[in-house]
Amino acid sequence: MASEPESVQADASSATESPPRELNRLEILRALRLSVWEGAFAIVHGALTTGVFVTGFALWLGAGNVALGLIAAIPNLAGLIQIIASYFGERQKERRRFVAWSTFIGRALWLPIFIAPFVLPFSLNLGVFLLLLALSSILQNAAAPAWTSWMSDMVPPDHRGRYFARRNLIGGIVGMVIALPAAWFLDVTTKRHPAPGFGFSVLFGIAVLGGVLSFIALLRQPEPVRHVEPVASGARGLASMLEFYRSPFADRNFLKFILFNMVFGLGQNLAAPFFTVYGLKYLGLGYVTLQALGTITSITGLSSTPIWGYLADKLGNKPLLTIGVFGCFLLPLLWIPCRPNHLGMNILIITILNIMGGVFWAGVNLTQFNLLIEFSPPERTSIYVAMMAAVTGLTGGIAPMIGSLEMRLLEGWHFSFLHFTFTNYHVTFATAAFLRLGSLLLLRPVIDAGASGTRDVLQQLGRVRPAALRHIRQIQRGEDEETKLRATGALADSRTRLASGELEMALTDPSRAVREEAARALGEIGDPKSVDALLSALRDPGSGIEAEVVRALGHIRSVEAVGPLIHLMAHPPPTLSPLTRLANMRSLGEIGSEEAVDALISELTRVDATHPAAAPAVETLARAMGQAGDPRATELLVRCLETGQAPPTVRVAVIRALGELADARATVSLRA
């Protein structure tokens, strides 16, 4: 999960001097746009101080496998500071300055990191680097809970997937644009410049500049009013502190999510330091080659991030996280077939690996972050974020050291099979892969309210065709009536829930025909999340699509619709057509809840079953009760049958309903 705070834009003077206040819609939009810029500046720093660059710098300083494992562990272990920082952040009336200064100082520490090798004895360089890296990581992690709480207040819940996807997309573009030239520059300077460390110094200097720009953007961002009081201090402070730290442990669903992240974090970080080393030392690839291949990951990640965000808002985060984790399980295994002196095959395999990695890691990072915010109560967001960062940071910090130990214990070991030699690298990669796979067992019991099941999501995705996506776009763009009618009809046939949001918007279209077709399509799709939009259309006296709406509610079979449907049946407006009234009865039968059956029975007792004019209503009521399958309707239906005066069509409907109920009490009457 992303741990780097990032931010947004607004008026400078009000942001830096005025206390937090309620922001209007325009200010929030400006703030969110600035957050995208701030994130891009933060990515400049992050891209040049992680991955191949920090690994190459460590190798230049003489780092071995143990030191490389420690370098990978430090940023994760630094997450433990979030436990303390979360409480401190909650005591602040304003989160902006705390976040800005903490991240700025942490990023500025890379200034002495790239100066140190030129002024200190070489023997001290690695130790000083590890110390400064630890301080930098601690300061940047300290700001994470407050920043997440800040952004949780700023971004509307139903747009988090799409907003953070867009933010990650732009940040990813910046990272990709800066990383490849940086790798080329590093290759040239390390091979041709008389002082090999010159290349690292230039790159780290640019990284610090990115940190400065991020700092400026953070200070310009307005902070919304906190709707919860800061943590109390003084005499009541100790009790408040204990309750503050206890709250995440009382949340069983959150504890399950933490356990999943712990195991997945082990699989994510166990072999992380050794993929680059494997490419540089074992396969003989250069910085430019590795970074160029890594650019493929960036491109596919950037391309897929908006799709993940859209799907997360539509289908829920947990099923998409499950899919992403399974994809990430395969990635370490794809390194195993790579062998020295097989450049063409290696590049092909790593290209496939990076394409998959870009897609699946984009989904994992986004959905993990969304679930963390979703599971965190607004008044306790910071401690939830801190606890997650601390626990997963601890496991993520231990994992590289375990990987280093595994690499050392198996150093020199090899096993040949079918002309292929397995080494300590391959065993470590396989261990990481199966830890990732095992974490799915722990994700399964996590509850993501409102999310679809993984199998259902796969089925929904399997139904998506390019034509369906084109029809969704046609509704979004608001094209002519005929085009929208064709689009809504086609989406009803496709039955993809991805179209639910657009069809819900079409319920308010100026064209009645489009509104009717949209309601029919929502009924065919059957997404329970559409019930609220359909009920709003039902309550709107000017919609004119009551019949289509009640049919759709019946198809969805949501108990939330029972109350409004009963009210419509008991108190029909003068403009309600007889066909809509009958459709309402059928829908209550489709839903079939106890309350719905009670309403149908009550309605049938008020109708004269022997009167020819009441025949359509009685037939419909009988069929609805038969479809509901509730035996409480048997006695009333038997009485209707035994009167002997009901019209033939009514008697047939009652007989069929009794057959569907299969209640032995009706046997005598049916024989007669």
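Scroll up to find the structure this text is about.
Nothing here was measured: the structure is a model prediction, and the numbers come from that model.

## Comments concerning the packing of helix H13 (residues 252-269) against helix H17 (residues 343-375)
Running from amino to carboxyl end, H13 crosses H17 at an angle of 155°, the nearest separation of the two axes being 11 Å. Taken together, the axis directions place H13 and H17 in an arrangement best described as roughly antiparallel. Here H13 runs over H17; the crossing is left-handed. Contacts from Asn253, Phe254, Phe257, Phe260, Asn261, Phe264 and Gln268 of H13 reach H17 at Trp361, Val364, Gln368, Leu371, Leu372 and Phe375. Among the residues forming the contact of H13 with H17, the class breakdown is 9 nonpolar, 4 polar and no charged.

## What about helix H20 (residues 454-463)?
Along H20, the residues that are buried comprise Asp456, Val457 and Gln460. Taken down its axis, H20 places every buried residue within 100° of arc, on the same side.

## Thoughts on the packing of aromatic side chains
Within the structure shown, the criterion is met by 28 aromatic pairs. Ring geometry for Tyr278 against Trp335: centres 6.0 Å apart, planes inclined by 80°, an arrangement best described as edge-to-face. Taken as a pair, Tyr278 in helix H14 (residues 272-282) and Trp335 in helix H16 (residues 317-335) lie far apart in primary sequence, 57 residues in all. Aromatic rings pair up to connect Phe57, Trp60, Trp110, Phe129, Phe200 and Phe204 into one cluster.

## Here's the deal with the side chain of Thr634
Considering the arrangement of structural elements, one finds Thr634 in helix H31 (residues 634-642). Given a relative accessible area of 1%, Thr634 falls into the buried group. Apart from the residues within four sequence positions on either side, Thr634 is in contact with Leu658, Leu661, Asp663, Arg665 and Ala666.

The rules behind the values
- Residues numbered from 1 in each chain as written.
- Predicted model: local features only at pLDDT ≥ 70, side-chain atom pairs only at ≥ 80, totals over all residues.
- Heavy atoms only, no water.
- Axes fitted to C-alpha atoms, helices over the stretch in contact; angles between N-to-C directions.
- Helix = DSSP H or I, 4+ residues; strand = E, 2+ residues; numbered from the N terminus.
- Parallel < 35°, antiparallel > 145°, perpendicular 65-115°, else oblique.
- Left-handed = near helix turned anticlockwise from the far one by under 90°.
- Contact = heavy atoms within 4.5 Å.
- Nonpolar A, V, L, I, M, F, W, Y, C, P; charged D, E, K, R; others polar.
- Buried < 20%, exposed > 50% of the residue type's maximum accessible area, 1.4 Å probe, protein only.
- Arc of directions from axis to C-beta.
- Phe/Tyr/Trp six-rings, centres within 6.5 Å; stacked < 30°, edge-to-face > 60°.

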